[in-house]
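Residues per chain, in single letters:
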Amino acid sequence: MDRLRVAVVGAGRWAQRAHVPGWQRDERVEVVALVDTDADVLADAGRRFGIGRLTTDYRELLDDPSIDVIDVATANTAHFEVSEAAIEAGKHVLCEKPVHRDYRETRRLAEAARAKGLKTKLGFTFRYAPAVRYAKSLIDAGFIGTPYVFNGFEQNSQWIDPATPMRQVDPDADPAVLATSSIEGYGAPIIDIMHWWADAGLTSVVGTMRNFVPERVVRATGRSQRLNIDDGDMWICEFDGGMLGSIQSSYVTVGNLPGIEARFYGSEGALIVRLVEEAGICQTIRTATKDDVEFVEREIPREFFPPGGDSAEDWDSLFYANLCADFTTELLDGGDVNQGDFAQGALVQETVNAFEASFRRRAWVDFPLADDVAGDVA
Ligand SMILES: NC(=O)c1ccc[n+]([C@@H]2O[C@H](COP(=O)([O-])OP(=O)(O)OC[C@H]3O[C@@H](n4cnc5c(N)ncnc54)[C@H](O)[C@@H]3O)[C@@H](O)[C@H]2O)c1
């Protein structure tokens, strides 16, 4: 293969903002087809991005041998079905998170893909931020030494105003039970970065979550109602080898998007990456060493950016272009490299489920999850 032919399934807001522009920015890629069950959304997106082949049923594309990648950017409800069908049909798959709320199902798909020699990738946007990739290269080169402490934050005030309509609300949810929300929707990317940087086995977790804003407007009805959902949470993690980690996620904490901060401290040095749109830029990395403890900002080398990208660009298009370019390289180069794949997605979802189990039991929970614990929260 010297060119990648991609079909994007789901042509809504995020597909138009990140996926399609991300692929089309890479000259090694052609977006050959677009799918959406909403014919109006489909026609608009097809015109906007100059994509000729449009269909409302993704299954029409599965038998086409000229399509290499199925990119699943639908609402969450279709992620698993479309990914499973695509892998069965022999396609490489990029899918938005979560593939499935039960991490065991996601792991099963990861294994099915691997057995067929296919590659998968989760929409872990923030691991592809140039600052995060640069930090990972410093960590791998030994900059921080032995890891001691990771602190991860994903917080912004996107839903601090109860009048901001919320979607994807479970209409059958029991209002007496606090449901996971922020930690799944917002915490997953920073959990991904924690696992990636730590590169060690997670052994146990404990933590809690809260509902701070009791009533919100629901997008489907336009009315305000009681929503007992986690809009802020805090967790502690223990790792093999002694490292400690903490994760805090919220969408009612004052601050700008996307609101990621990752701090990593070790025996030799430390680094702090901020992915927050402030002062006209979307990312910074600051580092210090044990001999020179004042943190200083570092310039991010060009090699960590997509073509034409810079830190003054919008975060979503910049980071997603890197994600698409990374998957393209992994597929065109062949070999085994496949970062941020469905197996990693399963690990992140299992971590979220362990957090939830800890909250429900008011106790530390061991990791990997025991089957009965997994069954309780999946
Ligand atoms: N990784 C990130 O940073 C990030 C950011 C925003 C959104 N997302 C994710 O992207 C996904 C899409 O979000 P959005 O904001 O674009 O939502 P959206 O509602 O604007 O778009 C989803 C589209 O999927 C279509 N669709 C649903 N089922 C389908 C099916 N079976 N086949 C074809 N099309 C189908 C809908 O008609 C809709 O147009 C969600 O999973 C969301 O969580 C990820």
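Scroll up to find the structure this text is about.
Since the model is a prediction, treat every value here as computed from it, not as a measurement. (Residues numbered from 1 in each chain as written. Predicted model: local features only at pLDDT ≥ 70, side-chain atom pairs only at ≥ 80, totals over all residues.)

A. Summary view of the site of the ligand. Around the ligand lies a shell of 21 residues, among which G10, G12, R13, W14 and A78 are the nearest. Per element, the largest residue contribution to the shell around the ligand is 3 residues, and it comes from helix α1 (residues 13–24). Residues belonging to the shell around the ligand are distributed by class as follows: 10 nonpolar, 7 polar and 4 charged. (Near = placed C-beta within 6 Å. Helix = DSSP H or I, 4+ residues; strand = E, 2+ residues; numbered from the N terminus. Nonpolar A, V, L, I, M, F, W, Y, C, P; charged D, E, K, R; others polar.)

B. Geometry of α1. Counted at 1.5 Å a residue, the expected span for α1 with its 12 residues is 16 Å, and the 16 Å between its end C-alpha atoms agrees. Every buried residue of α1 is accounted for by A15, A18, H19, V20, G22 and W23. Buried residues in α1, looked at end-on, bunch into an arc of 165°, giving them a common side. In the core, the buried residues of α1 are packed alongside β1 (4–9), β2 (29–35), α2 (39–49), β4 (69–72) and α8 (315–333). (Expected span 1.5 Å × (residues − 1). Buried ≥ 20, exposed ≤ 12 C-beta atoms within 10 Å, placed from the backbone. Arc of directions from axis to C-beta. Contact = placed C-beta atoms within 7 Å.)

C. A look at unusual backbone geometry. Following K97, the chain continues to P98 via a peptide bond in cis, the omega torsion being -10°. Considering the arrangement of structural elements, one finds P98 in the loop between β5 (92–95) and α4 (103–115). Cis geometry marks the peptide bond from F367 to P368; its omega dihedral reads -5°. Structurally, P368 is set in the loop between β17 (365–366) and α10 (371–377). With phi around 50°, A279 is a residue other than glycine that occupies positive phi space. Residue position: A279 is located in the loop between β14 (269–276) and β15 (284–289). You can call A279 exposed: it has 7 C-beta atoms within 10 Å. The backbone of R362 sits at a positive phi, close to 50°, despite the residue not being glycine. Tracing the backbone through its elements, the reader meets R362 in the loop between α9 (342–361) and β17.

D. Inspection of the sheet that holds strand β8 (residues 202–210) at higher detail. Reading across from one edge, β16-β15-β14-β13-β7-β12-β11-β8-β17 is the order of the 9 strands in this open sheet, with mixed pairing throughout. Since the sheet does not close on itself, it has two edges, and those belong to β16 (292–297) and β17, each with one partner. Bridge count for strand β13 (residues 258–266) against β14 is 7 bridges, and the pairing is antiparallel. Bridge pairing links R263 to I272 in β14. Packed onto the sheet, helix α7 (residues 187–198) meets β7 (147–155), β11 (232–239), β12 (244–250) and β13 and runs at close to 165° relative to β7. (Pairing = 2+ DSSP bridges. Axes fitted to C-alpha atoms, helices over the stretch in contact; angles between N-to-C directions.)

E. Fine view of the sheet that holds β5. Judged by pairing direction, the sheet is parallel, and its 6 strands sit side by side in the order β3-β2-β1-β4-β5-β6 without closing on themselves. The sheet is open, and its two borders are formed by β3 (53–55) and β6 (120–122), each paired with just one other strand. On average, adjacent strands in this sheet sit at an angle of 20° to one another, irrespective of strand direction. Pairing analysis gives 4 bridges linking β1 to β4, with the strands arranged parallel. Bridging from a neighbouring strand, V9 pairs with V72 of β4.

F. Representation of the environment of V254 in the model. Summarising the element assignment, V254 is placed in the loop between β12 and β13. When the 10 C-beta atoms within 10 Å are taken as the criterion, V254 is described as exposed. Distance in space between the C-alpha atoms of V254 and L122 is 28 Å, their sequence separation being 132 residues. Not counting the four nearest positions on each side in its chain, V254 is found in contact with S157 and I160.

G. The packing of α1 against α8, seen in detail. Two numbers describe how α1 lies on α8: the axes approach to 8 Å, and their chain directions differ by 50°. The angle between the axes of α1 and α8 places the two elements in the oblique class. Here α1 runs over α8; the crossing is right-handed. Contacts between α1 and α8 involve R17, A18, H19, P21, G22 and W23 from the first element and D316, S317, Y320, A321, L323 and C324 from the second. Looking at side-chain class alone, the contact of α1 with α8 contains 7 nonpolar, 3 polar and 2 charged residues. (Parallel < 35°, antiparallel > 145°, perpendicular 65-115°, else oblique. Left-handed = near helix turned anticlockwise from the far one by under 90°.)

H. Geometry of the environment of F126. Relative to the helices and strands, F126 is located in the loop between β6 and α5 (130–140). The exposure class assigned to F126 is buried, which follows from the 22 C-beta atoms found within 10 Å. Here the alpha-carbon distance between F126 and I260, two residues 134 residues apart in the chain, equals 8.3 Å. Not counting the four nearest positions on each side in its chain, F126 is found in contact with V132, P189, I193, P258, I260, L275 and F319.

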